[in-house]
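# Secondary and tertiary structure notes
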Amino acid sequence: MTIRVLLADDQALLRSAFRVLVDSESDMEVVGEASDGAEAVRLTGEREADVVLMDIRMPGTDGLAATRLICADPALAHVRVVILTTFEVDDYVVQALRAGASGFLGKGSEPEELLNAIRLAAGGEALLSPTATKGLIARFLAQGDLGDDGRAPARGERLDALTSREREVLVQVAGGHSNDEIAERLEVSPLTVKTHVNRAMAKLGARDRAQLVVIAYESGLVRPRMD
């Protein structure tokens, strides 16, 4: 099936470049362009987009607010948002992940990275650019609403519903590992890993793997690295 992509960026030149790149692929097409967040939210539904490439800093309704609106709409539950930003690690990006974004990528990334990001997001995978390390993301998450023991109480309690194997898999997911890599590490089949990931997502109410990563840090299951 063709992946339907919406471009949301206030710079027309960037949108044009992204459109040429995306439309050059046989398995995806650009179905619309938005210059601000409000337009992005409207077009996401109207054009039946699968993936939204979202800039954060836009006039009016910014990309963060737009991401939150898209991810909170039950009618758009299938839509995945990938944040495109000049600043790959900042508090806005972490807020976007919390709002439901499937990951983010720097605007200076290579074309193949961008295309791969679209495919990963459409497939429900988390996307964190190579330069955005888990430790830096965790540092911002640790500045949030964690308790004295380093856990977000509500999220910590929800982990009680996971089996020991699901927790083990969640730790690996938070480490940025793919299903194949996790399967090799735990000496099980990739299908078994996928089953555990899906069950963890269902129990924790996560849209995708990116939200699993956020939950793993916020709950204290995975500790932030400050080095």
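Residues numbered from 1 in each chain as written. Predicted model: local features only at pLDDT ≥ 70, side-chain atom pairs only at ≥ 80, totals over all residues. Heavy atoms only, no water.

## Digging into the UniProt feature "modified residue: 4-aspartylphosphate" (unreviewed entry) in the protein
Test applied: UniProt positions are given in the numbering used here, feature names are shortened, and annotations may be inferred rather than shown by experiment. Think of it in three bands: with a 1.4 Å probe and only protein chains considered, a residue is buried below 20% of the maximum accessible area for its type, exposed above 50%, and partly exposed in between. In what follows, a contact means two residues having at least one pair of non-hydrogen atoms within 4.5 Å.
In the numbering used here, UniProt assigns the "modified residue: 4-aspartylphosphate" (unreviewed entry) feature to Asp55. Assessed through its relative accessible area of 7%, Asp55 is described here as buried. Contact partners of Asp55, with chain neighbours within four places excluded, come to Ala8, Asp9, Asp10, Gly63, Leu84 and Lys107.

## A few points about the pairing of strand β4 (residues 80-85)
Put simply, the rule reads: Think of it this way: any DSSP run of H or I at least four residues long counts as a helix, any run of E at least two long counts as a strand, and we number them from the N terminus. Each pair of strands is called paired provided DSSP finds at least two bridges between the two strands.
By the criterion of burial, β4 is predominantly enclosed, with six of the six residues buried. Along β4, one buried face is formed by Arg80, Val82 and Leu84 and the opposite face, lined by Val81, Ile83 and Thr85, is buried too. Two strands pair when backbone bridges link them, and strand β3 (residues 51-55) and β4 are joined in this way by five bridges, in the parallel orientation. Paired with Met54 across the bridge in β4 is Ile83. Bridge analysis of β4 against strand β5 (residues 103-106) gives four bridges, and the strand direction is parallel. Within the sheet, the bridge partner assigned to Val82 lies in β5 and is Gly103.

## Some details on the nonpolar core
The cut-off we apply is this: Among buried residues, the Ala, Val, Leu, Ile, Met, Phe, Trp, Tyr and Cys ones that are joined through side-chain atoms within 4.5 Å form a nonpolar core.
In terms of nonpolar packing, the biggest core is built from 25 residues, with Ala8, Val52, Met54, Ile70, Val81 and Ile83 touching the most fellow members. Broken down by secondary-structure element, the contributors of at least two residues to this core are β1 (3-8), β2 (28-34), α2 (37-46), β3, α3 (63-72), β4, α4 (91-99) and α11 (209-218). A total of four residues in this core trace back to one element, the largest contributor, which is α3. With near-sequence residues (within four places) excluded, Met54 lies in contact with Ala8, Ala40, Gly63, Ala66, Thr67, Ile70, Val81, Val82, Ile83 and Leu84. Grouped together as the second largest cluster of nonpolar side chains are 21 residues, Leu162, Leu170, Leu212 and Val222 included.

## Focus on the pattern of salt bridges
Just so we agree on the cut-off: When a carboxyl oxygen of Asp or Glu is within 4 Å of a side-chain nitrogen of Lys or Arg, the pair counts as a salt bridge.
Enumeration over the complete set of coordinates arrives at 11 salt bridges. Between Glu33 and Arg19 there is a salt bridge, and its shortest N-O distance comes to 2.6 Å. Pair noted here: Glu33 is in strand β2 and Arg19 is in helix α1 (residues 12-23), with a separation of 14 residues, a long-range link. The class for Glu33 is partly exposed, based on a relative accessible area of 24%. Judged by its relative accessible area of 29%, Arg19 is partly exposed. The partner of Lys203 in a salt bridge is Glu166, and the shortest N-O contact between them spans 2.9 Å.

## Examining the packing of helix α9 (residues 179-186) against helix α10 (residues 190-204)
What counts is decided by this rule: Interaxial angle, 0 to 180 degrees, is taken between N-to-C directions of lines fitted to C-alpha atoms, where a helix line uses only the stretch in contact. In what follows, roughly perpendicular refers to angles from 65 to 115 degrees, roughly parallel to angles under 35, roughly antiparallel to angles over 145, and oblique to any angle outside these ranges. Classes in brief: Ala, Val, Leu, Ile, Met, Phe, Trp, Tyr, Cys and Pro nonpolar; Asp, Glu, Lys and Arg charged; the others, Gly included, polar.
At a closest axis distance of 8 Å, the pairing of α9 and α10 adopts a crossing angle of 110°. Considering the angle they form, α9 stands roughly perpendicular to α10. Of the residues in α10, those in contact with Asn179, Asp180, Ile182 and Ala183 of α9 are Pro190, Val193, Lys194 and Val197. For the contact of α9 with α10, the residue count by class is five nonpolar, one polar and two charged.

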